[in-house]
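Here is what each chain is made of, one letter per residue.
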Amino acid sequence: AVQVKLSVLAGPEAKDYSQVAKKEHLEESQITLRRVEEALRDYHKNVLYIRAREQRMRATNDSTAFRVIGFCLFNVCLMIGVSGWQMLYFKRFFRSKKII
């Protein structure tokens, strides 16, 4: 049996800070601050994404509710129209048969 282990890193934990520290001559505290800063940027980006997604879902929900209300009103108007036509039809039918 072959086992495959896949480790996917994203965001600040995917960055190799030892390379950054060597390149920019940073101290340990500065590296920690960079990690925290990137983690906060990533968190902020996720919050903005979730907020935009919530707005899209709210717009979808509102438009669906509007359609449902419109369909219900159409249904009520259709039922009133059909019942009125039915009453007139039966009234004429029974008068023609001299039942009324």
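Residues numbered from 1 in each chain as written. Predicted model: local features only at pLDDT ≥ 70, side-chain atom pairs only at ≥ 80, totals over all residues. Heavy atoms only, no water.

Describe the pattern of salt bridges, listing the residues and the values that go with them.
Where charged atoms from two side chains of opposite charge come close, those side chains can pair. In this structure the tally under the stated criterion is three salt bridges. A salt bridge links E37 to R41, with the shortest nitrogen-to-oxygen separation between them at 2.6 Å. One end of the pair is E37 and the other is R41, both in helix α2 (residues 28-96) and four residues apart, which spans about a single turn. Given the relative accessible area of 38%, E37 is considered partly exposed. (Salt bridge = Lys/Arg side-chain N within 4 Å of Asp/Glu carboxyl O. Helix = DSSP H or I, 4+ residues; strand = E, 2+ residues; numbered from the N terminus. Buried < 20%, exposed > 50% of the residue type's maximum accessible area, 1.4 Å probe, protein only.)

How would you summarise helix α1 (residues 17-24) if you had to cite specific residues and measurements?
Turning to α1, its buried residues are Y17, V20 and A21. Considered in projection along α1, the buried side chains sweep an arc of 100 degrees and stay on one side of the axis. Exposed positions of α1 whose direction lies more than 90 degrees from the buried face are K22 and K23. Taken together, the buried residues of α1 touch α2. Directly after α1, the chain includes H25, whose backbone phi takes a positive value near 55 degrees. (Arc of directions from axis to C-beta. Contact = heavy atoms within 4.5 Å.)

Before we move on, could you go through the packing of aromatic side chains and cite the residues and values that matter?
Considering all chains together, one arrives at four aromatic pairs under this definition. Here the aromatic rings of Y89 and F90 are separated by 5.8 Å at their centres, their planes lie at 65 degrees, and the arrangement is edge-to-face. Using a relative accessible area of 40% as the deciding quantity, one classes Y89 as partly exposed. The exposure class of F90 is partly exposed, given its relative accessible area of 39%. Centre to centre, the rings of F90 and F94 are 6.2 Å apart; their planes meet at 25 degrees, and the pair counts as stacked. Of this pair, F90 and F94 both sit in helix α2, four residues apart, which is roughly one turn of the helix. Since its relative accessible area comes to 30%, F94 is described here as partly exposed. Taken together, the aromatic side chains of W85, Y89, F90, F93 and F94 make up a single cluster linked through ring pairs. (Phe/Tyr/Trp six-rings, centres within 6.5 Å; stacked < 30°, edge-to-face > 60°.)

Any chance you could break down the environment of M57 for me, citing the residues and the numbers?
Inspection of the secondary structure assignment puts M57 in helix α2. The spacing of M57 and Q19 is 38 residues in sequence and 42 Å in space, taken between C-alpha atoms.

By themselves, these are just geometric observations and shouldn't be taken as functional.
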